[in-house]
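# Fold and contact review
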Amino acid sequence: AQSVSQHNHHVILSEAASLELGCNYSYGGTVNLFWYVQYPGQHLQLLLKYFSGDPLVKGIKGFEAEFIKSKFSFNLRKPSVQWSDTAEYFCAVNARANQGGKLIFGQGTELSVKP
Amino acid sequence: NAGVMQNPRHLVRRRGQEARLRCSPMKGHSHVYWYRQLPEEGLKFMVYLQKENIIDESGMPKERFSAEFPKEGPSILRIQQVVRGDSAAYFCASSDRTGVSEAFFGQGTRLTVV
């Protein structure tokens, strides 16, 4: 069965610190990869996505992620976080062999940025 | 350009009652997905529907839960005889096509069973 693992459940950083959130998935086939962000009380918003091509993907708000196929990983990075980045971050995988756009989500990582 | 609309935002039900959650997809989207987020957990896929068809219901509990997406009107997730364990946030997402595509999420319905 497919699964997605986010190793950090809660990360606390000071403003301007660098961020890296881990995401690993288990699936042997071709995948589409996503990072979503959920600000307090709001819906999930897409940060970035990888379908094919350059494995280094740039998203909104200065976020980027790198797809490393050999490690089944899609880690999220940001060089310098801001207080407004405080939110919960979800990694998600869509197995292309699946029907439709069904997503398998990781458990989420709660990021708290101290001003 | 309205996004995915879910209502109600908050729903309180007593044990044994029925809960109906509605999802209106983005304009032009004919694919709808329902996810459940239990406390302290990530989102879990429940069901994938296209207009008038259930495509994948592998994540739906076998009993009490049903979903539909009629030709006209919103998609409905129905939970009969709710129990405390059904308390969760239920999110709907829609996309314009199958396969490689981006799904847009609604704000969710937070169901509390008392």
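Since the model is a prediction, treat every value here as computed from it, not as a measurement. (Residues numbered from 1 in each chain as written. Chains lettered and ligands numbered in written order. Predicted model: local features only at pLDDT ≥ 70, side-chain atom pairs only at ≥ 80, totals over all residues. Heavy atoms only, no water.)

Next up on the list: the pairing of strand β7 (residues 65-68) of chain B. Each regular strand displays side chains that alternate between the two surfaces of the sheet. All names here are of chain B. Residue alternation in β7 divides its side chains into a buried set, F65 and A67, and an unburied set, S66 and E68. Pairing of β7 with strand β8 (residues 75-79), which is carried by four bridges, proceeds in the antiparallel orientation. Of the residues in β8, the one forming a bridge with S66 is R78. Connecting β7 to the next strand, β8, in antiparallel fashion are six residues, including G73 with a positive phi near 95°. (Buried < 20%, exposed > 50% of the residue type's maximum accessible area, 1.4 Å probe, protein only. Helix = DSSP H or I, 4+ residues; strand = E, 2+ residues; numbered from the N terminus. Pairing = 2+ DSSP bridges.)

Inspection of the entire model under this criterion finds 14 aromatic pairs over all chains. Each ring, one from Y25(A) and one from F72(A), has its centre 5.5 Å from the other, and the planes form 75°; the classification is edge-to-face. Of this pair, Y25(A) sits in strand β4 (residues 24-26) while F72(A) sits in the loop between β8 (64-68) and β9 (73-78), and the two are 47 residues apart along the sequence. Overall, Y25(A) belongs to the buried group, its relative accessible area being 7%. The exposure class assigned to F72(A) is partly exposed, which follows from its relative accessible area of 36%. On the basis of an interplanar angle of 50° and a centroid distance of 6.0 Å, the ring pair of Y36(A) and F105(A) is categorised as tilted. In this pair, Y36(A) sits in strand β5 (residues 31-38) while F105(A) sits in strand β11 (residues 104-105), placing the two residues 69 residues apart along the sequence. According to the relative accessible area criterion, Y36(A) is buried, its value standing at 1%. Among the aromatic residues, ring-to-ring pairing joins F34(A), Y36(A), F51(A), F90(A), F105(A), Y35(B), F45(B) and F105(B) into one connected group. (Phe/Tyr/Trp six-rings, centres within 6.5 Å; stacked < 30°, edge-to-face > 60°.)

To continue, consider the pairing of strand β3 (residues 19-24) of chain B. Residue and element names in this part refer to chain B. Only one face of β3 is covered, namely the one carrying A19, L21 and C23; the face carrying R20, R22 and S24 has none of its residues buried. By the bridge criterion, five bridges tie β3 to β8 in an arrangement that is antiparallel. Counted as the bridge partner of A19 is I79 from β8.

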